[in-house]
Amino acid sequence: MAQIPNLDNAPVNLTSIRDQSQKELINLLKNIRGKKCLVIDPKLSGSLSLIVQSSLLKEHGAELRHLTAEPIQTDCTKVVYLVRSQLELMRLISSQIRDDTSKGLQREYFVYFVPRRTVVCEKILEEEKVYDLLTIGEYPLYLMPIDEDVISFELDLAYKDCLVDGDTTPLWHIAKALHKLEFTFGVIPNIRAKGKASTRVVDILNRMQIEEPVNTSDIGMPEINTVILIDREVDMITPMCSQLTYEGLLDEFLGINNGAVEVESSIMGVQQEGKKIKVPLNSSDKLFKEIRDLNFEVVVQVLRQKATSMKQDYTEMTTTNQTVSELKDFVKKLNSLPEITRHINLAQHLSTFTSKPSFLGRLDMEHTIVEAQSFDICFEYIEEMIHKQEPLVNVLRLLILFSITNSGLPKKNFDYLRRELLHSYGFEHMATLNNLEKAGLFRKQEMKSNWLTVKRALQLVVEDTDTANPNDISYVFSGYAPLSIRLVQHAIRSGWRPIEEILKLLPGPHTESKRSGYGGNQFDNLSGSMLNSDKVGDGRRSLVLVVFVGGVTFAEISALRFLSAQEGMAYDLIIGTTKIINGQSLIEPFVEKLC
Amino acid sequence: LLWKESWELAKNPMASKGSPLQGPRIKLIENVHKLFSETKEHVFESKAAEEHAKLLRMQQELEATTKQPIFVDSSISDTIRTCIVLGNNRAALKVKTEFKVSEKRWYWLKVFALATIRDWDALEKF
């Protein structure tokens, strides 16, 4: 099965976006005559694999290489670099070029920056005295569809960049990506944003619209009705909790990368020692589409059911006489067998993790912390984790959860835990602690916690969640409804106004605005939910784009899909994010790497 | 402004990690300690720096006596564990008292360490 997802069912024409990116890349290669060696930044190759098949690149005369510290081995006289604008990468390129010249090799070099060139990078190439040998260009890849309803801007560190290092380039990038979307789908009339970064993005986007307006007359009705932007900072609780949906768990334990997960071949029942295989995970796999968003408990049941019904069919088949059409049906069912086996294998592997007492203990603790009732129990649990020197990231996840729900810890506890952390994991983590404090994730208590108010007002903890027949988004965490998605729910239903008091308790400002980029046809406020104007002409539901600045987890995506599938929901939802994240990938950049 | 300066310094010795010259590094960290202690808000940071320097000194001594370069740059907990694993209980106790390690943590470390070397008898007694 292909790793490139099938986008035919997307609520908005995402295929066109992908095709455009693909065409741009091919054109770029076509413009360089003859055989060439395409050297790709390893970080980009994953994203590129979602846009274009490597065979297609080879058809256009490109040899593929990853950019490494080693000199390139190729017979081609033309070398094309496709890289992000990162300083270290510039140094790699220049050292490769110098290596070639020292060997007396004459080659033509092209450097394409993704998505755009920066002055600093060019400066470095100048300093390294290779600038004159290069042809420089850009490959404007700002966003890529990673599934039918998910668009990623592929910004690895956006969250840490903004909060700790104060670097706001990711915000420009996001605005640019949205602006690009508008060129294809029309100016988005309604914007709601919550959080410092999100409101900045809106500002930048508006400025872009003034400087380089989207020509609306030839697009007609805008396809996207509303965009809702939310900072990750607003809800740091959710990503710190362990995700309990099938896809979320796969990501937590095995790590999903660009819509695929890599596992030992033995897990998938293939007898090949020590080899890893890639399992693609996207909506093209019908079974996966069905179960990805379900709570893991339910997934196991569904798979068991499928397997038994299969077995039943089989025995029926062997014992009774069948008509030809019945045989045909049976064979059709058999075709889905590889999918079933694949997911049974994966689910089985997952359950080796989820049945561990340590995992269940952690889940329990997460819920206790979110309930915010028993401070001492939580405190002692975390203390014990530190004493046992459990993996630092795991400790930090709980600690951050604990700190945020309490609006920071009382000074005494704060200093004590910090000391124990340094003692257990080494003093070099002083810098890690500083990063976390600067980002407000682990800090001293300065005011009374308002988590209880927020929790109650938005009904974040739901008792008696039925994971099998969920009627609320809280099923994705078996009882906790993600704060971010609750906000989205409110924003869609009635806008910010009714929950203004609650919003004020969460970090960052919020804005709500209307834009007119199209002729006179003003949309009414969303609150008149089923107004005619909300329906696009051909009876499709109109679209809401939810953008997470700083990343989104699979569990949250699942919750949004759940909302979208609800009866009486007037909108289709698509999701934009800087990156798909989980608690681990979110915290890791904060842990200061030394050397 | 002062705290910014001291942070720069605090990061400095960390950047020089892995250099065999431990002497200058300890001096640097002690400098950091002094800088931090000049302000009131950074009592914690200053203390941490002080302890860090002290730890490095002890680790150096340990490496000299055991002739095994495995101590420097490990955390306090790790140091204690290594000591017990090597059967050097006295040194472990010394580190414990020096850094006022709480009983709770001490027990965890000891149990883990004894389990690593499968010293079940000692574990039983303890």
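Residues numbered from 1 in each chain as written. Chains lettered and ligands numbered in written order. Predicted model: local features only at pLDDT ≥ 70, side-chain atom pairs only at ≥ 80, totals over all residues. Heavy atoms only, no water.

How should I be thinking about the interface of chain B and chain A in this particular structure?
The extent of an interface is frequently quoted as the accessible surface area lost upon association of the parts. Across the boundary between the two partners, chain B contributes 24 residues, which contact 22 residues of chain A. When the two sides are added together, the surface that chain B and chain A hide from each other amounts to roughly 2,200 Å², 60% of it contributed by carbon and sulfur. Inspection of the chain B/chain A interface yields zero salt bridges. Counting across the interface, chain B meets chain A through zero residue pairs in polar contact (both at pLDDT 80 or more). Going through the elements one at a time, helix H1 (2–15), helix H3 (43–66), helix H4 (76–85) and helix H6 (103–116) of chain B are the ones with two or more residues in the side of chain B that touches chain A. The element best represented in the side of chain B that touches chain A is H3 of chain B, accounting for six residues. Its residues assigned to classes, the side of chain B that touches chain A comprises 10 nonpolar, four polar and 10 charged. (Contact = heavy atoms within 4.5 Å. Buried area = accessible area lost by both parts, 1.4 Å probe. Salt bridge = Lys/Arg side-chain N within 4 Å of Asp/Glu carboxyl O. Polar contact = N/O pair within 3.5 Å; in protein donor to acceptor, adjacent residues only side chain to side chain. Helix = DSSP H or I, 4+ residues; strand = E, 2+ residues; numbered from the N terminus. Nonpolar A, V, L, I, M, F, W, Y, C, P; charged D, E, K, R; others polar.)

Looking at this model, I keep getting lost on H4 of chain B. Mind explaining?
Because an α-helix packs 3.6 residues into every turn, residues spaced three or four apart end up facing the same way. Residues and elements named next belong to chain B. Along H4, the positions that sit buried rather than exposed are Ile-76, Ser-77, Thr-79, Ile-80, Cys-83 and Ile-84. Down the axis of H4, the sector holding all buried residues measures 165°, keeping them to one side. Phi turns positive, to about 80°, at Gly-87, one or two residues after H4. (Buried < 20%, exposed > 50% of the residue type's maximum accessible area, 1.4 Å probe, protein only. Arc of directions from axis to C-beta.)

Can you help me understand the sheet that holds strand E11 (residues 260–264) of chain A in this one?
Strand pairing in a sheet relies on backbone hydrogen bonds. The paired strands run either parallel or antiparallel. Residue and element names in this part refer to chain A. Taken together, three strands build an open sheet; the order of strands is E10-E11-E12 and the sheet is antiparallel. Because the sheet does not close on itself, it has two edges, and the strands there are strand E10 (256–257) and strand E12 (276–280). Sheet analysis places E11 next to E12, joined by five bridges and oriented antiparallel. When the bridges of E12 are listed, Glu-264 appears paired with Lys-276. (Pairing = 2+ DSSP bridges.)

What exactly am I supposed to notice about the pattern of salt bridges here?
Any two side chains of opposite charge can pair if their charged atoms end up close together. Residues and elements named next belong to chain A. Counted by the stated rule, this structure contains 26 salt bridges over all chains. The residue Arg-98 makes a salt bridge to Glu-128 at a minimum N-O spacing of 2.9 Å. Taken as a pair, Arg-98 in helix H4 (residues 87–102) and Glu-128 in the loop between helix H5 (119–127) and strand E5 (134–138) lie far apart in primary sequence, 30 residues in all. Using a relative accessible area of 40% as the deciding quantity, one classes Arg-98 as partly exposed. Two residues, Arg-292 and Glu-247, come together in a salt bridge whose shortest N-O distance is 2.8 Å. Here Glu-247 lies in helix H10 (residues 246–253) and Arg-292 lies in the loop between helix H11 (286–291) and helix H12 (296–319), a separation of 45 residues in the sequence. Linked by salt bridges that have partners in common, Asp-147, Asp-149, Glu-247, Arg-292, Asp-293 and Arg-561 make up one network.

So what exactly am I meant to see when it comes to the sheet that holds strand E4 (residues 108–114) of chain A here?
All names here are of chain A. Taken together, the five strands give an open sheet; going across it, the order is E2-E1-E3-E4-E5, and neighbouring strands pair in parallel fashion. Each having just a single partner strand, strand E2 (62–66) and E5 make up the two edges of the open sheet. In this sheet, neighbouring strand axes are inclined to one another by 20° on average, regardless of whether the strands run parallel or antiparallel. By the bridge criterion, five bridges tie E4 to E5 in an arrangement that is parallel. If you follow Tyr-109 over to E5, its bridge partner there is Leu-134. (Axes fitted to C-alpha atoms, helices over the stretch in contact; angles between N-to-C directions.)

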